[in-house]
Amino acid sequence: EAMYRIDDQWAVGLSWVIFGSEPIGGMFFHSVRGRAIGLAATHYVQPVTERGIYGTFRYYYEDYTSYPHARREQTNFKGHTAVAVGGYRLPFWKRFFFMPGVGIQLGIGEKTETTFDSFNNSSTVSKKPGYLKVLPYLEAKAGIEF
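This structure is a prediction, so every number in the text was calculated from the model and none was measured. (Residues numbered from 1 in each chain as written. Predicted model: local features only at pLDDT ≥ 70, side-chain atom pairs only at ≥ 80, totals over all residues. Heavy atoms only, no water.)

> For this particular structure, what's the right way to read the pairing of strand β1 (residues 2-5)?
Successive residues of a regular strand alternate their side chains across the two faces of the sheet. Where β1 and strand β2 (residues 10-20) come together, four bridges link them in antiparallel fashion. Considered in β2, the bridge of Ala2 is made with Leu14. Adjacent in sequence and paired antiparallel, β1 and β2 are bridged by four residues. (Pairing = 2+ DSSP bridges. Helix = DSSP H or I, 4+ residues; strand = E, 2+ residues; numbered from the N terminus.)

> Looking at this structure, how should I read the nonpolar core?
In globular proteins that are soluble, nonpolar side chains generally tend to be buried together. Grouped together as the largest cluster of nonpolar side chains are eleven residues: Ala11, Ala36, Tyr44, Val48, Tyr54, Tyr60, Val83, Val85, Phe97, Met99 and Tyr137. Of all elements in the fold, only β3 (31-44), β4 (52-67), β5 (73-92) and β6 (96-117) reach the threshold of two or more residues within this core. In this structure, Met99 is in contact with Tyr44, Tyr54, Tyr88, Arg89, Glu139, Ala140 and Lys141, ignoring residues within four places of it in sequence. (Core = buried A, V, L, I, M, F, W, Y, C linked by side-chain atoms within 4.5 Å. Buried < 20%, exposed > 50% of the residue type's maximum accessible area, 1.4 Å probe, protein only. Contact = heavy atoms within 4.5 Å.)

> I tried to follow the pairing of β3 on my own but got confused; where do I start?
Sheet topology places β2 next to β3; eleven bridges connect them, and they run antiparallel. Opposite Ile18, over in β3, you have Arg35 as the bridge partner. Note that β3 and β4 share 14 bridges and pair antiparallel. Bridge pairing in β4 places Ala40 opposite Arg58.

Without other data, these values stay purely geometric and don't point to any function.
In structure tokens form, the structure reads like this:
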């Protein structure tokens, strides 16, 4: 994120995410490739230079592909996502900070699932327009203010 502090309690700016893992899913974790770009606004309850509670709202346009299992399936999502997060800002060394937070992610868009059958060398595609995703959201941001 690149945020501009409007005053001691508000910051606004651009937010972007690059998902750059390999397109091979693992046994326990998904791999994700793609991007998200959007806007963010953060409100600090105490002045930004002090420890304290913050709330952030982000809006993204996302386009990514998730690979849940090794070369057997993939899911593509294209759409709009909103994220609301609350957390605690921990400043240290004058200009550095750490911000852990929790929240919720809501998205709506088109989800396309592709399943590969290696025995028949074929694939099955399922499109779901108007797909709604609701996910818990955890963040741990570290940054510098200048």
